[in-house]
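# Observations on the three-dimensional arrangement
The chain contents come next:
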Amino acid sequence: MQLDLELLRSFVSVVEAGGFTRAGERVHRTQSTVSQQIKRLEEDVGQVLLHRDGKDVRPTEAGERLLSYARRLLSLAEEARDVLRQPGGEGAIRLGIPEDFAAYRLTKLLGTFSRSHPGLRLDVRADQSKNLARDLERGELDLALYKRAAGEKGAIAVWPERVHWVTSKSHPVDVDVPSVPLIGFPLGCVYRAGAIHALESAGRAWHTAYTSSSLSGIQAAVAAGMGLSILSEMSIQSDHRVLTAKDGFAPISKTEVALMASPNASPATLRLADRLAEFCENVQAKAA
């Protein structure tokens, strides 16, 4: 099955506009043409993609799954056109970084690198580490900095990560509760797995108190006293209190940050990898 980019463009427009008429205005098609395009797309994928309730239109579960792929395919097509229009340019680098690094000083480094390479297109995505590792393996990223279990093989460079249990400074959770309320990222997160493993190894019962794919959401839930979480040192905020072994919560020491590149990484990608490696080395030295 080959997906038609024009059909995908109309599908994304319908979802974003919330209806066929407004979507038609975006893609310069009539309402009936857009409706026919969506019908063709649904026939191609063999799934109903949109719930139609009068003038209100929203994606089905299958539509939500397709939506992220559609946006990425359209973005990649646009990127290819931009690169071909600038034959003298250096191309593009698709970089994936964890959210806590995106909120830290790494944005300054990337800005400096981008300005020093005006012919290069830098496409940066902040996401959960499991998604970054998956997309690098699929060839959808050129370079990725992500968290993983310590001791895994294959990386340009790795750095041990300092990860601590945290609670609220103003509204601390009772550490002796029968069941520990756990705050964390969704299933598959290396932090979540580490927290659960540590609790179960200690014979502690636990339950999920708050789950979020957003780092800021987790930080806020901890500060509000909704439960305990584990965070890297750079993600711990002033309204958090670090728990120690005396509290019954020793630091988690089985994670690391890995810098990985695709097998066919370009010279520009490897130059950026050098800058990222230098950045991580400096962070490690200051934390030591």
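## What to know about the layout of surface pockets
Of the voids in this model, the largest pocket is the one considered here, and its volume is about 390 Å³. If you trace the largest pocket, you find 13 residues lining it, with Arg72, Leu73, Leu76, Arg94 and Glu140 closest to the centre. When contributions to the lining of the largest pocket are tallied by element, the ones reaching two or more residues are α4 (61-85), β3 (91-97) and β4 (120-126). Counting residues per element, the lining of the largest pocket draws most heavily on α4, which supplies six residues. When grouped by side-chain class, the residues that make up the lining of the largest pocket number five nonpolar, two polar and six charged. Of the pockets and cavities examined, the second largest pocket occupies roughly 310 Å³. As for the second largest pocket, its lining consists of 18 residues, and the residues nearest its centre are Gly194, His197, Ala198, Pro251 and Ile252. Counting residues per element, the lining of the second largest pocket draws most heavily on helix α8 (residues 190-201), at six residues. Taken together, the residues of the lining of the second largest pocket sort by class into 11 nonpolar, five polar and two charged.

## A short note on the confidence of the model for the protein
In this model, the protein carries an average pLDDT of 86, and 93% of its residues clear a pLDDT of 70 or more. Mean pLDDT across the elements of the protein bottoms out in helix α2 (residues 20-27) (73) and peaks in strand β11 (residues 240-242) (96).

## What about the pattern of salt bridges?
Here the structure, examined in full by the defined rule, presents 12 salt bridges. We note a salt bridge from aspartate 127 to arginine 125, for which the minimum N-O separation is 2.8 Å. Taking relative accessible area as the criterion, arginine 125 reaches 25% and is therefore assigned partly exposed. Among the charged side chains, a salt-bridge network with shared partners connects Arg72, Arg125, Asp127, Arg134, Asp135 and Glu140.

## Observations regarding the environment of serine 116
By secondary structure assignment, the location of serine 116 is in helix α6 (residues 106-116). Taking the C-alpha atoms as reference points, serine 116 and leucine 231, 115 residues apart in sequence, are found 33 Å from one another. Within the structure, the side chain of serine 116 is placed 2.8 Å from the backbone oxygen of phenylalanine 113, a separation counted as a polar contact.

## A short note on the sheet that holds β11
Within the open sheet, the three strands sit side by side as β10-β7-β11. Their pairing is antiparallel. Each having just a single partner strand, β10 (229-232) and β11 make up the two edges of the open sheet. Neighbour-to-neighbour, the strand axes of this sheet turn through a mean angle of 50°, independent of strand direction. By the bridge criterion, four bridges tie strand β7 (residues 163-168) to β10 in an arrangement that is antiparallel.

## Some points on empty space enclosed by the protein
Over the atoms, a rolled probe matching the size of one water molecule traces out where space is still vacant. Counted under the stated rule, the structure contains one cavity of 30 Å³ or more. There is about 60 Å³ of room inside the largest cavity. Lining of the largest cavity is provided by Leu182, Ile183, Gly184, Phe185, Cys189, Tyr191, Arg192, Ala195, Ile218, Ser229 and Ile230. Within the residue set of the lining of the largest cavity, elements represented by two or more residues are β8 (179-184), α8 and β10. Here the residues of the lining of the largest cavity are counted per class, giving eight nonpolar, two polar and one charged.

## Some remarks on the pairing of strand β1 (residues 50-53)
With four bridges connecting them, β1 and strand β2 (residues 56-59) associate as antiparallel partners. For aspartate 53, the partnering residue across the bridge sits in β2 and is aspartate 56. Here β1 folds back onto β2 in antiparallel fashion, the turn holding two residues, of which glycine 54 has a positive phi close to 65°.

## Looking at helix α9 (residues 215-223)
Note that an α-helix has 3.6 residues per turn; residues three or four places apart therefore point the same way. Burial within α9 is extensive, with seven of its nine residues counted as buried. Residues Leu215, Gly217, Ile218, Gln219, Ala221, Val222 and Ala223 constitute the buried set of α9. Those residues of α9 hidden inside the fold are in contact with α5 (99-102), β7, β8, β9 (205-211), β10 and β11. Two residues or fewer after α9 comes glycine 225, characterised by a positive phi angle close to 85°.

## Some words on the sheet that holds β3
In sheet architecture, strand pairing relies on hydrogen bonds along the backbone and comes in two forms, parallel and antiparallel. In space, the five strands of this open sheet follow the order β4-β3-β5-β12-β6, with mixed pairing throughout. The sheet is open, and its two borders are formed by β4 and β6 (157-160), each paired with just one other strand. Averaged over neighbouring strand pairs, the angle between their axes works out to 20° when direction is ignored. This element, helix α7 (residues 129-138), spans β3, β4, β5 (143-149) and β12 (255-261) of the sheet and lies at about 125° to β5.

About the cut-offs
Residues numbered from 1 in each chain as written. Predicted model: local features only at pLDDT ≥ 70, side-chain atom pairs only at ≥ 80, totals over all residues. Heavy atoms only, no water. 1 Å grid on protein atoms, 1.4 Å probe; cavity = no way out; pocket = protein on both sides within 12 Å on 5 of 7 lines; lining within 4 Å. Points joined across faces, edges and corners; volume = space filled by probe spheres on them. Helix = DSSP H or I, 4+ residues; strand = E, 2+ residues; numbered from the N terminus. Nonpolar A, V, L, I, M, F, W, Y, C, P; charged D, E, K, R; others polar. pLDDT = per-residue confidence, 0-100. Salt bridge = Lys/Arg side-chain N within 4 Å of Asp/Glu carboxyl O. Buried < 20%, exposed > 50% of the residue type's maximum accessible area, 1.4 Å probe, protein only. Polar contact = N/O pair within 3.5 Å; in protein donor to acceptor, adjacent residues only side chain to side chain. Pairing = 2+ DSSP bridges. Axes fitted to C-alpha atoms, helices over the stretch in contact; angles between N-to-C directions. Contact = heavy atoms within 4.5 Å.

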